[in-house]
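Per-entry structural report
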Amino acid sequence: MSANQPNIVLFQCQWCLYAKTDQDWVENSLPENMHLVKTSCTGRINPLFVLNAIQGGAEGVMISGCKPEICHFKEGNIGARRQLSAFQKLLTHIGFDRSRIRFVWMDLQDTGRIQKELATFEKDLVDLGQSAVLVTRKPGFEGGMHD
Amino acid sequence: MTDLEMKLKAEAKRLLDEHLVDVFIGFRKENAPLHPQPAFFTNSDQLDDFVYNNLCQNNLAKFLTRYPHETKIGMIVRGCENRSVNHLIVERQHPRENIIMIGVPCTGIYDWRKITQRCGEEISDVELSPGKITVKTSKNQFEFESKELLHVSCARCSQPNPISADLVIGEPVEPKDPARAKRQVETFGGMTAKARYEWFTHESERCIRCYACREACPMCYCAECFVDHGAPRWTESMVSKAGMQTWHIIRAFHQTGRCVDCGACERACPMDIRMTYITEKLNTDMENEYQFICGMDDKTQPPFAAFTMDDKTRFVA
Amino acid sequence: MNYILSRNDIPKVLEMWSKTHQVFAPQKYSNFSAFLPYEGKAEQLCLEYPHNTRYPPKALFLPQSEELLSYTKDGQASEPALDAKPKLIFGIHACDTRAMTLLDTVFDAKDYQDPFWKARRESTAIITLGCDEPCSTCFCTTVEGGPFNRQGADIIMTDIGESFHLEALTPKGENLCKDLPYASAAEDRKVSNVQEKATSDMPKAFDTEGLKTALDANFDSSYWEEVQRSCLGCGVCTFLCPTCFCFDIADEAARSKRYRNWDTCMFSVYSREASGHNPRPSRKERTRQRLMHKYSYWVDQIGKIGCTGCGRCVRYCPVGLDIRAMLREAGKLPVEVIHA
């Protein structure tokens, strides 16, 4: 991946994009450096998913979900917000750059927002440069004393 | 045998003789120096080698989840163990009415690793007296103030006294230096991101994945741990950077709002890996954001289980 | 032949050996010690410690994680090159050296030879440092070994104060010593004193006579229920053990590689079968397995106890479980005589 096209993993709640055009866009027209993981709700996003994406070489992770009151499952996103924000803080604590994980909470009238958010995120990641933290599964095998 | 030990033993004997408990969990005399062994007394005849001192390093709440709910369990609890038990009750791992907690105000646990660092790993005998510890090796004899050897979690203990024990034996002790925990989190957080990551890498790369930290933790009672999953596999199976870092991050994260900072994980680690610098961060976060301190009572749900619509104004995007 | 290596000359000699070998020596690693490649830092050496390195040197021959093969999407598989560069292990204790010979019966047996193990073993020379001060947790003399056991060693080294006395036991060893001065007769005498004293200093930790019979007879004893109670079920004892060799083979699809990782009978997933059935469902069976394997099954298979008495499991068990005490108790269990 070139420096101008950082790898981005988008974890998306399947209910959060209210306009069909937006959903079609993330499913079919995402640029090559962006990867979609569609979930049933942000509450389904295990922090392990996020860590796995980062370890596998994602420069940034975007989590897109519904605003608090409008969760399809009533409160799945409320639990997710507590967990994921605590996880973001934990990763920051051990030296990860917190701006590489970005949350987007969508509202009904936010048609077209996801494209803009991803574009801004991509630009910010380009400014940040490549991450050297937690990218441990790529490339090849590196490790501690046991290798 | 100290006065405290005698009283504890008498209480254990009474509970067993009067059939108030099916099993009494305490410690018994060590075979090799430094590690008294958790013991499970079912009969007062077995109490001969009962022991309780500052080297009893395990969190006995660990063993609570091994018994069926009907078993009446008597156990020794220090401040941290009492909180662990409370939280296990919140998580419905054992009913409160089937636990009899004999509380002991705790003066802190000596870290065996601090002892071996100072005296070498070949230790032939250890003598304890109030505030003092004498360690004998084949060639030398060392004397330490107890303060020097306290485990970090004990040195910053905020709750050395049992809070909901059925009976407390011994005089309450002063909290150690709780501000130290916050200072530590702040100092670590004040380092550059690069330095923090280097620290984390240095600690985690010594891991041999023996999972002693998991097995020593009272909160790790899952029937199957995420690292043991074969399909899907959540983490690399090797002692690679990715595998070991995932283990250390996720193990700590699973303790969010559930950790009482007893330090049992660190004391169990054969590779001297520091872990509480991560869990303490999570504990301070939970306290600052949700005013939650784990195990202060046996009713309050931890933050990840207690989310409400009040959260909607939090985390403004 | 016998040679002398003065303490002050150690860095120089290790430097010399480094020219032809990759030298591993016990060195400081974090707060403890491990066998690491010697990189000219003499102050890092830990030759004075009476105990073993905490991390077991079996990892030099059987790494905790080892690549077995890599594959590509189109079905091509390739094996990594065997590690045949000359290596030298300096200052390993007799119990750990002996453990290698026990492991040879597993990885270099008649019916199965592990190429990775064999290549490393054949290309490695071992200089054993005898223990003149055995630890209180050691019990090598109880299990057919001794602080100066020579099995598996190319050179056996004895601390005689100012210098080390080296006795070359194999041509490999002779070859390494060729630039060192010969030992005098007086120095040879010192050696036998040190060796005899160290050996006689060690008490018998438990009785091995009849132990196997007692273990076999009490497979279903309630004793195992008792002994497992404080066991946490972690892998400290087995991972640090110099003779535990169990492994698991895993395909890491993300890397397109197959790995062999240490595994331990103390974990429940170790024995769990694909169906979900686990023949060793609780810690009782697993604790029993660890003892039975070392003290009964090894004896069945090769006629030797599969433990070298290094004492690591005793020193580092987080709950203070002591294999010696467990075996003392097990030895006392009744052996029922079955009359035909």
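A few points on the structure. (Residues numbered from 1 in each chain as written. Chains lettered and ligands numbered in written order. Predicted model: local features only at pLDDT ≥ 70, side-chain atom pairs only at ≥ 80, totals over all residues. Heavy atoms only, no water.)

1. Things to note about the overall build of chain B
- When you go through chain B residue by residue, the secondary structure sums to 11 helices and nine strands.
- By the compact-globule yardstick of 20 Å for 317 residues, chain B fits well, its C-alpha radius of gyration being 20 Å.
- Across its three principal directions, the C-alpha atoms of chain B cover 60 × 50 × 40 Å.
- Taking all 317 residues of chain B together, 60% fall into the buried category.
- At a minimum sequence separation of 6, the contacts of chain B that also span at least 24 residues come to 67%.
- When the accessible area of chain B is evaluated, it comes to approximately 12,600 Å², of which 51% is carbon and sulfur surface. (Helix = DSSP H or I, 4+ residues; strand = E, 2+ residues; numbered from the N terminus. Rg over C-alpha atoms; globule rule 2.2 N^0.38 Å. Buried < 20%, exposed > 50% of the residue type's maximum accessible area, 1.4 Å probe, protein only. Contact = heavy atoms within 4.5 Å. Areas by Shrake-Rupley, 256 points an atom, 1.4 Å probe, with all protein chains shown as cover.)

2. Brief notes about the pairing of strand 8 (residues 141-145) of chain B
Residue and element names in this part refer to chain B.
- One ladder, built from five bridges, connects strand 7 (residues 132-136) with strand 8; its direction is antiparallel. Pairing of Lys136 across the sheet is with Gln141, part of strand 8.
- Hairpin connection, strand 7 to strand 8: the antiparallel pair is bridged by four residues. (Pairing = 2+ DSSP bridges.)

3. Description of the sheet that holds strand 7 of chain B
Residues and elements named next belong to chain B.
- Taken in spatial order, the three strands of this open sheet run 6-7-8, and their pairing is antiparallel. Of all strands in the sheet, those with a lone pairing partner are strand 6 (125-129) and strand 8, marking the two edges. For this sheet the average axis-to-axis angle between neighbouring strands, irrespective of direction, equals 15°.
- As judged from the five bridges shared by strand 6 and strand 7, these two strands associate in the antiparallel manner. Across the sheet, residue Ser129 finds its bridge partner in strand 7, namely Lys132.
- The strands touched by helix 3 (residues 112-119) are strand 7 and strand 8; relative to strand 8, the strand with the most contacts, the crossing angle is about 135°. (Axes fitted to C-alpha atoms, helices over the stretch in contact; angles between N-to-C directions.)

4. Description of the packing of helix 3 (residues 76-93) of chain A against helix 9 (residues 241-253) of chain B
- For the pair helix 3 of chain A and helix 9 of chain B, the least separation of the axes is 11 Å and the interaxial angle reads 135°. By the angle between their axes, helix 3 of chain A is oblique relative to helix 9 of chain B. Once helix 3 of chain A is placed against helix 9 of chain B, the crossing between them reads as right-handed. Within the contact between the two elements, helix 3 of chain A uses Gln83, Ala86, Phe87, Leu90 and Leu91 of chain A and helix 9 of chain B uses Ile249, Ile250 and Phe253 of chain B. (Parallel < 35°, antiparallel > 145°, perpendicular 65-115°, else oblique. Left-handed = near helix turned anticlockwise from the far one by under 90°.)

5. Re the pattern of salt bridges
- Here the structure, examined in full by the defined rule, presents 58 salt bridges over all chains.
- One salt bridge connects Lys7 of chain B with Asp3 of chain B, and the closest N-O pair in it is separated by 3.5 Å. Residue Lys7 of chain B and its partner Asp3 of chain B are both found in helix 1 (residues 3-17); the two are separated by four residues, about one turn of the helix.
- You can call Asp3 of chain B partly exposed: its relative accessible area is 48%.
- Among the ionic pairs, Arg260 of chain C bridges to Glu66 of chain C, the shortest N-O distance being 2.8 Å. Highlighted residues: Arg260 of chain C in strand 11 (residues 257-262) and Glu66 of chain C in strand 4 (residues 65-71), separated in sequence by 194 residues. No difference in accessibility class separates Arg260 of chain C from Glu66 of chain C, as the two residues are buried.
- In the salt-bridge network here, residues are joined through shared partners; they are Glu66, Asp83, Lys85, Lys87, Asp114, Arg120 and Arg260 of chain C. (Salt bridge = Lys/Arg side-chain N within 4 Å of Asp/Glu carboxyl O.)

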